[in-house]
Amino acid sequence: MKDWLMIYWDGIKSGKITVSKPIKLVYERLVKEIKRSAKWDYVPALGLYVIEFIERYCKHSKGKWAGKPVQLELFQKAAVMAAFSFVNKKTGKRRFRKVLLLVARKNGKSTFAAAIMLYLLVA
């Protein structure tokens, strides 16, 4: 079982992946909370389930990739893990209800958002 959030963090920490300072701080905080949070559990299987759903059932609808399965990039997998893998220890409800994802143009925002919405609708 791969923990994409930790893989992404390791890349950021080692300098292999370049991100802005605010993004680095967000992932640094998430990693600290994984290790020692009294209120939140980190359950990677929940995020992996979403990633598996997207990569197995979601297909591109237009362009040269039409009909081919969606393959998420590492930053997308890490964002899914961050959004879906943190749950309240007592209630089991997800920590994050809203996610703001800023991505440059032509990087698959619509496809990614559609895949997340399909997961939330169906699964």
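Remember, it's a predicted structure, so these values are computed and weren't measured experimentally. Counting starts from 1 at the beginning of each chain's written sequence and moves along it residue by residue. Predicted model: local features are reported for residues with pLDDT of at least 70 only, side-chain atom pairs are reported and counted for 80 or more only, and whole-chain, interface and lining totals are derived from all residues. Only hydrogens and water are removed before side-chain values are computed, so all heavy atoms of the structure are retained for them.

Novice: Any chance you could explain the side chain of Ser-85 here in plain terms?
Specialist: Counting from the N terminus, the helices are DSSP H or I runs at least four residues long and the strands are E runs at least two residues long. Checked against the element boundaries, Ser-85 lands in the loop between α4 (74-84) and β2 (86-88). Note on Ser-85: relative accessible area 0%, which makes it buried. Here a polar contact is taken to be a pair of N or O atoms separated by no more than 3.5 Å, where protein atoms must pair a possible hydrogen donor with a possible acceptor and residues adjacent in sequence count only if both atoms sit in side chains. Of the polar contacts made by the side chain of Ser-85, one reaches the backbone nitrogen of Gly-47; its length is 3.2 Å. Once residues within four sequence positions are removed from consideration, Ser-85 is found in contact with Asp-41, Tyr-42, Val-43, Pro-44, Leu-46, Gly-47 and Val-80. For every residue, the accessible area (1.4 Å probe, protein chains only) is compared with the maximum for its type, and the residue is labelled buried under 20%, exposed over 50%, or partly exposed between those bounds. Whether two residues are in contact is decided by their heavy atoms: any pair within 4.5 Å suffices.

Novice: Just checking my understanding: could you explain the packing of aromatic side chains for this structure?
Specialist: Within a pair of aromatic rings, the relevant descriptors are the distance that separates the centres and the angle that separates the planes. Here is the rule: rings of Phe, Tyr and Trp (six-membered ring for Trp) pair when centre to centre is within 6.5 Å. Planes less than 30 degrees apart are stacked, more than 60 are edge-to-face, and the remainder are tilted. Tallying each qualifying case throughout the model produces 7 aromatic pairs. Consider the rings of Phe-86 and Phe-96, whose centres lie 6.3 Å apart with planes at 80°: the pair is edge-to-face. In this pair, Phe-86 sits in strand β2 while Phe-96 sits in the loop between β2 and α5 (109-122), placing the two residues 10 residues apart along the sequence. Overall, the relative accessible area of 1% leaves Phe-86 in the buried class. Among the aromatic residues, ring-to-ring pairing joins Tyr-49, Phe-53, Tyr-57, Phe-84 and Tyr-119 into one connected group. Any Lys NZ or Arg CZ that is within 6 Å of a ring centre and within 35 degrees of that ring's normal is treated as a charge sitting over the ring. The aromatic ring of Trp-4 is capped on one face by Lys-77, whose charged end is 4.0 Å from the ring centroid.

Novice: What is the right way to read the nonpolar core from this model?
Specialist: Side chains of nonpolar character tend, in soluble globular proteins, to be buried together. With 30 residues, the main nonpolar core has Leu-5, Tyr-27 and Ile-54 as its most contacted residues. Going through the elements one at a time, α1 (4-14), α2 (21-35), β1 (40-42), α3 (44-57), α4 and α5 are the ones with two or more residues in this core. Take this core: its biggest share by element is 7 residues, from α4. Residues grouped as a nonpolar core are buried Ala, Val, Leu, Ile, Met, Phe, Trp, Tyr and Cys residues, joined through side-chain atoms within 4.5 Å.

Novice: What should I look at first to understand the packing of α4 against α5 in this one?
Specialist: Any two packed helices are characterised by the angle at which their axes cross and by the distance between the axes. Running from N to C, α4 and α5 point in directions that differ by 35°, and their axes come no closer than 12 Å. Two packed elements cross with a definite hand, and for α4 against α5 that hand is right-handed. Side by side, α4 and α5 meet where Gln-76, Val-80 and Phe-84 of the first sit next to Phe-112, Ile-116, Tyr-119 and Leu-120 of the second. In this classification, the charged set is Asp, Glu, Lys and Arg, the nonpolar set is Ala, Val, Leu, Ile, Met, Phe, Trp, Tyr, Cys and Pro, and all remaining amino acids, among them Gly, are polar. Considered class by class, the residues forming the contact of α4 with α5 number 6 nonpolar, 1 polar and no charged. The axes used here are C-alpha line fits, helices contributing only the stretch in contact, and every angle between their N-to-C directions lies in the interval 0 to 180 degrees. Handedness of each helix crossing follows the sense of rotation of the near helix against the far helix: counterclockwise by less than a right angle gives left-handed, clockwise gives right-handed.

Novice: Is there a simple way to think about the pattern of salt bridges in this case?
Specialist: Salt bridges are identified by distance alone: a Lys or Arg side-chain nitrogen within 4 Å of an Asp or Glu carboxyl oxygen. Applying the stated criterion across every chain yields a total of 5 salt bridges. Ionic pairing is found between Arg-29 and Glu-33, a salt bridge with its closest N-O pair at 3.0 Å. You can see Arg-29 and its partner Glu-33 sitting in helix α2, 4 residues apart, about one turn around the helix. Relative accessible area serves as the criterion here: at 15%, Glu-33 is assigned to the buried category. Two residues, Glu-33 and Arg-95, come together in a salt bridge whose shortest N-O distance is 2.1 Å. Pair noted here: Glu-33 is in helix α2 and Arg-95 is in the loop between β2 and α5, with a separation of 62 residues, a long-range link. For the pair formed by Glu-33 and Arg-95, the shared burial category is buried. Each of the salt bridges in this network shares a partner with another, and the network as a whole consists of Arg-29, Glu-33 and Arg-95.

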